[in-house]
Amino acid sequence: MRKTVVQNLAAYAIAAAIVCYAARGISWRQVVGAGSHATLWIFVIASFGGFLCWFIGETVLYSRLFSYFHSPTGALELFPTMAAVYFLQIVNSYVASGAFVLFLHARKRVPWIMGGCTLLFQGYVDAMLLAALSLLAVALVPTSPIRLGLNYAAAVLGAGGLIASFWLLWGARLRTGNWLRWLYERPSMASFRMARPSHYIKLLGIRSLIVLAAGFALYGQFVSFHIGVPLMQTLALTPLIVAIGSSPISPGGIGTTQLVFTLGFARFASKDNLFALSLAVSAFNLLVRVPMGLAMGAPLVEEAVEVESELVTKRKVGQL
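Now for a quick tour of the structure. Quick caveat, the model's predicted, so the values are computed rather than measured.

This brings us to the overall build of the chain. Broken down by element type, the chain carries 13 helices and 0 strands. Reading the chain from its N terminus to its C terminus gives the helix and strand order α-α-α-α-α-α-α-α-α-α-α-α-α. Per-residue burial for the chain yields a buried fraction of 47% across its 320 residues. Restricting to contacts in the chain with at least 6 residues of sequence separation, those with at least 24 account for 73%.

This part takes up the side chain of Ser134. Along the polypeptide, Ser134 turns up in helix H6 (residues 112–140). Using a relative accessible area of 12% as the deciding quantity, one classes Ser134 as buried. A polar atom in the side chain of Ser134 sits 2.7 Å from the backbone oxygen of Leu130.

Here we take up the packing of helix H5 (residues 93–108) against H6. At their nearest, the axes of H5 and H6 sit 9 Å apart, and the two run at 130° to each other. As summarised for this structure, H5 and H6 are arranged oblique, according to the angle between their axes. Handedness of the crossing formed by H5 with H6: right-handed. Contact with H5, carried on its side by Ser97, Phe100, Val101, Leu102, Leu104 and His105, involves Trp112, Gly115, Gly116 and Leu119 of H6 and no other residues of that element. In terms of residue class, the contact of H5 with H6 is made up of 6 nonpolar, 4 polar and no charged.

With that settled, consider a nonpolar patch on the surface. A contiguous nonpolar patch, built from Leu40, Val44, Phe48, Leu52, Ile56 and Val60 and spanning about 510 Å² of accessible area, is present on the exposed surface. The residue Ile56 is located in helix H3 (residues 40–69) in this model.

Within this structure, the stated rule accounts for 5 salt bridges. For Arg107, the salt bridge is made with Glu77, and the minimal N-O distance between the two is 4.0 Å. Placement of the pair is Arg107 in helix H5 and Glu77 in helix H4 (residues 75–88), with a sequence separation of 30 residues. Take Glu77: its relative accessible area is 28%, and that puts it in the partly exposed class.

Let's shift gears to the packing of H6 against helix H7 (residues 150–170). Packing of H6 against H7 brings their axes to within 8 Å, and their N-to-C directions diverge by 135°. Of the possible angle classes, the one that applies to H6 and H7 is oblique. Here H6 and H7 pass one another in a crossing that is left-handed. In this structure, H6 contributes Tyr124, Ala127, Met128, Ala131, Ala132, Ser134, Leu135 and Val138 to the contact, and H7 contributes Leu150, Ala153, Ala154, Val156, Leu157, Gly160, Gly161, Ile163 and Ala164. Partitioning the contact of H6 with H7 into residue classes produces 14 nonpolar, 3 polar and no charged.

Geometrically, a pair of aromatic rings is defined through the distance of the ring centres and the angle of the planes. Applying the stated criterion across every chain, the model contains 25 aromatic pairs. Each ring, one from Phe43 and one from Phe225, has its centre 5.9 Å from the other, and the planes form 70°; the classification is edge-to-face. Highlighted residues: Phe43 in helix H3 and Phe225 in the loop between helix H10 (197–224) and helix H11 (231–245), separated in sequence by 182 residues. Look at Phe222 and Phe261: their rings are 5.9 Å apart centre to centre, the planes differ by 35°, and that puts the pair in the tilted class. Placement of Phe222 in helix H10 and of Phe261 in helix H12 (residues 256–264) is noted, with a sequence separation of 39 residues between them. Accessibility classification places Phe222 together with Phe261 in one group, the buried group.

Along the chain, the position of Ala195 falls in the loop between helix H9 (190–194) and H10. Once residues lying within four places of it in the same chain are set aside, the contact partners of Ala195 are Phe69, Phe121, Leu168 and Tyr200.

Let us look at the environment of Val110. By secondary structure assignment, the location of Val110 is in the loop between H5 and H6. As for Val110 and Ser188, which are separated by 78 residues in sequence, their C-alpha atoms are 9.6 Å apart.

Definitions and cut-offs
- Residues numbered from 1 in each chain as written.
- Predicted model: local features only at pLDDT ≥ 70, side-chain atom pairs only at ≥ 80, totals over all residues.
- Heavy atoms only, no water.
- Helix = DSSP H or I, 4+ residues; strand = E, 2+ residues; numbered from the N terminus.
- Buried < 20%, exposed > 50% of the residue type's maximum accessible area, 1.4 Å probe, protein only.
- Contact = heavy atoms within 4.5 Å.
- Polar contact = N/O pair within 3.5 Å; in protein donor to acceptor, adjacent residues only side chain to side chain.
- Axes fitted to C-alpha atoms, helices over the stretch in contact; angles between N-to-C directions.
- Parallel < 35°, antiparallel > 145°, perpendicular 65-115°, else oblique.
- Left-handed = near helix turned anticlockwise from the far one by under 90°.
- Nonpolar A, V, L, I, M, F, W, Y, C, P; charged D, E, K, R; others polar.
- Patch = residues over 30% accessible without salt bridge, like charges linked within 9 Å, V, L, I, M, F, W, Y side chains within 5 Å.
- Areas by Shrake-Rupley, 256 points an atom, 1.4 Å probe, with all protein chains shown as cover.
- Salt bridge = Lys/Arg side-chain N within 4 Å of Asp/Glu carboxyl O.
- Phe/Tyr/Trp six-rings, centres within 6.5 Å; stacked < 30°, edge-to-face > 60°.

That is the geometry; function is a separate question.
This is the structure we're talking about:
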């Protein structure tokens, strides 16, 4: 518990340092002035619409993920857990992922490590998609700042393809005793082993739509602050914003959002306007997540109590 608290405090300290770095040379009077000229209703519609697309999209995504590899899971069944996950992302992305693992264990009787590996599989699929989208963005918009990450994106996509070939094609053919065969046969890696090309395609398709919706929402936010970033430039940099915004070192995207906005779109607007928008985006994300956690926290607590009772029972049985 103490270790988790220390880690969270360190994450917020890092986020605060990044915010301060992004705000260099900007006065708060400039930030307030830039925000006062924004069209509030456009910002709210764009932000709330993007949030709804992301939330509903991820609810469908994870319900499909759990249905493919464990047992049928409806979007409505997953809704309370998803709301709790979004609230916990304010604290730490790893803590938020723990809510999924708790759901899988309490509702679907999935072993703890196997549940974690299922989330790892989705993270792997997401990484491949963001790398592919980054390469596509470089090809379609050569002037995009995301071009700086071309080699990294190519390396991630290449490694992802090699990993996919291992699980789909040649992992099962290795001789017994090979350490890669040992990894292939681990019960906890069931999602990697069970995944077929159709699963990859469906999960990639859902996540692609989520990222596209995020790009259009971001464009609407730029319009609300009267920042003239072309739509194609916005969509081109969206994969990087999504990747960095979900970084575990940045609770709720605080810090990294400010850094990406002020650096990635520097040639389209003044730093104070970009910084003001980034603060508004971070504030909106925090404000919309808190009520969700308060409203949907009860089911998560019930599942935690159920698991605690299960662990106590097992401990007592072990002592007999």
